[in-house]
Amino acid sequence: MRILILSDLHGNTWALQAILQAVGPVEAVLFAGDAVNYGPSPRGVVAWLRRVGAVAVRGNHDHAVAFGGDPKAAPRKAPLAKALLEWTRQALRPEDLAYLRSLPLYAVWAADHTRFALVHGSLQDPLYDYRLDPQAGEEVLLEAAESLRAEVVVFGHTHLPFVRRIGGKLFVNPGSAGQPLDGDPRASLALYEGGEVRLYRVGYDLGGLLEAVKSLPLEAYLKEALNLLYERAR
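Residues numbered from 1 in each chain as written. Predicted model: local features only at pLDDT ≥ 70, side-chain atom pairs only at ≥ 80, totals over all residues. Heavy atoms only, no water.

A word on the overall build of the protein chain
Scanning the protein chain from N- to C-terminus turns up 8 helices and 10 strands. For a compact globule of 234 residues, the expected C-alpha radius of gyration is about 17 Å, and the protein chain comes in at 16 Å, within 12% of that figure. Taken over the C-alpha atoms alone, the protein chain extends approximately 50 × 35 × 35 Å along its principal axes. Counting over 234 residues, the protein chain shows a buried share of 57%. When the accessible surface of the protein chain is totalled, it reaches about 9,700 Å², and 51% of it is carbon and sulfur. (Helix = DSSP H or I, 4+ residues; strand = E, 2+ residues; numbered from the N terminus. Rg over C-alpha atoms; globule rule 2.2 N^0.38 Å. Buried < 20%, exposed > 50% of the residue type's maximum accessible area, 1.4 Å probe, protein only. Areas by Shrake-Rupley, 256 points an atom, 1.4 Å probe, with all protein chains shown as cover.)

Listed below in structure tokens is the structure:
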């Protein structure tokens, strides 16, 4: 069984299209949150998640757009996140907002004789926990998945990809499909196939994305900051 594992698309359909073309047919999609904000195509990402019936959870930006409030983005990205929040909300249809509100904070799903658990941050702090990066210790990862009866545990939020096996659990962060922050600007994803999970990177039409950014209602310095996030991936 081939399962596409994604997180943090952030309104970037240019990256999504490249991923789908590169990966080819899959039998399921798992999405660890943050479909929207930052990127200029939130409606396209939400429409795709709904259309394919993705097993998805709510991220901090999904929550802020759907319910209001502060997404509590990392300090250097917080001005961008807040500046685009209302525009993103207005760009979505009522049914898109209803979909974001319907997303659970965590989910467990079974296929291929394997249980998959998804949470954007951690069970202790589903929306805002930034601890689960590639340097996280075993104790932190095990605590974050405490009480989740699953063989594969999928996180998002940090935009930093990793796959680690600890005991009987496989911990996966597919990285950010729409806004990588590990120095590689290519879209990041993971594929489950044959009982294993592998990380992949896919180049996409960055020029098309940056052209669309020009139309966003941002001051010039914020547009430049957003462009640098995509170009430098840091």
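What about the pairing of strand S9 (residues 187–193)?
Counting buried residues along S9, 6 of its 7 residues qualify, which places the element largely inside the surrounding structure. Bridge analysis of S9 against strand S10 (residues 196–202) gives 7 bridges, and the strand direction is antiparallel. Bridge pairing links Ser-188 to Arg-201 in S10. Hairpin connection of S9 to S10: 2 residues between the antiparallel strands, including Gly-194 at a positive phi of 60 degrees. (Pairing = 2+ DSSP bridges.)

Side note on the pattern of salt bridges
For the structure shown, the criterion picks out 12 salt bridges. Salt-bridge contacts for Asp-96 lead to Arg-50; the nearest nitrogen and oxygen are separated by 3.3 Å. Placement of Asp-96 in helix H5 (residues 94–102) and of Arg-50 in helix H2 (residues 42–52) is noted, with a sequence separation of 46 residues between them. Given the relative accessible area of 0%, Asp-96 is considered buried. Across the salt bridge formed by Arg-93 and Asp-96, the nearest N and O atoms sit 3.1 Å from each other. Judged by relative accessible area, which is 24%, Arg-93 ranks as partly exposed. (Salt bridge = Lys/Arg side-chain N within 4 Å of Asp/Glu carboxyl O.)

A word on the packing of helix H3 (residues 60–67) against helix H4 (residues 78–91)
Axis separation between H3 and H4 bottoms out at 9 Å; the angle between their running directions is 55 degrees. Between H3 and H4, the interaxial angle falls into the category oblique. Where H3 crosses over H4, the two elements pack in a sense that is right-handed. Every residue of H4 that contacts H3 at His-61, Ala-64 and Val-65 is listed here: Ala-81, Leu-85, Thr-88 and Arg-89. Here the contact of H3 with H4 is built from residues that sort into 4 nonpolar, 2 polar and 1 charged. (Axes fitted to C-alpha atoms, helices over the stretch in contact; angles between N-to-C directions. Parallel < 35°, antiparallel > 145°, perpendicular 65-115°, else oblique. Left-handed = near helix turned anticlockwise from the far one by under 90°. Contact = heavy atoms within 4.5 Å. Nonpolar A, V, L, I, M, F, W, Y, C, P; charged D, E, K, R; others polar.)

Remarks on the nonpolar core
In this structure, Leu-4, Leu-6, Ile-19, Leu-100 and Leu-226 are the most contacted members of the largest nonpolar core, which totals 50 residues. Among the elements that make up this core, the one with the highest residue count is helix H1 (residues 13–23) (6 residues). Discounting residues that sit within four places of it in the chain, Leu-4 has contacts with Ile-19, Leu-20, Val-23, Val-26, Ala-28, Val-29, Leu-30, Trp-48, Leu-189, Ala-190 and Leu-191. (Core = buried A, V, L, I, M, F, W, Y, C linked by side-chain atoms within 4.5 Å.)

Quick notes on the packing of H4 against helix H8 (residues 220–232)
Between H4 and H8, the shortest axis-to-axis distance is 10 Å and the interhelical angle comes to 115 degrees. Judged on the interaxial angle alone, H8 and H4 are roughly perpendicular. Read as a crossing pair, H4 and H8 show a hand that is left-handed. Across from Pro-79, Leu-80, Ala-83 and Leu-84 in H4, the residues of H8 making contact are Leu-222, Ala-225, Leu-226 and Leu-229.

Some details on a nonpolar patch on the surface
Taken together, Leu-105, Tyr-106 and Val-108 make up a surface patch of nonpolar side chains, about 270 Å² in accessible area. Relative to the assigned elements, Tyr-106 resides in strand S4 (residues 106–111). Using a relative accessible area of 46% as the deciding quantity, one classes Tyr-106 as partly exposed. (Patch = residues over 30% accessible without salt bridge, like charges linked within 9 Å, V, L, I, M, F, W, Y side chains within 5 Å.)

Topic: the sheet that holds strand S2 (residues 28–31)
Read across the open sheet, the 5 strands follow the order S3-S2-S1-S9-S10; overall the sheet is mixed. Whereas interior strands pair on both sides, the edge strands pair on one side only; in this sheet they are strand S3 (55–56) and S10. Two elements, S2 and S3, share 2 bridges in a ladder whose sense is parallel. Across the sheet, residue Phe-31 finds its bridge partner in S3, namely Ala-56. The strands touched by H1 within the sheet are strand S1 (2–6), S9 and S10, with S1 carrying the most contacts at an inclination of about 160 degrees.

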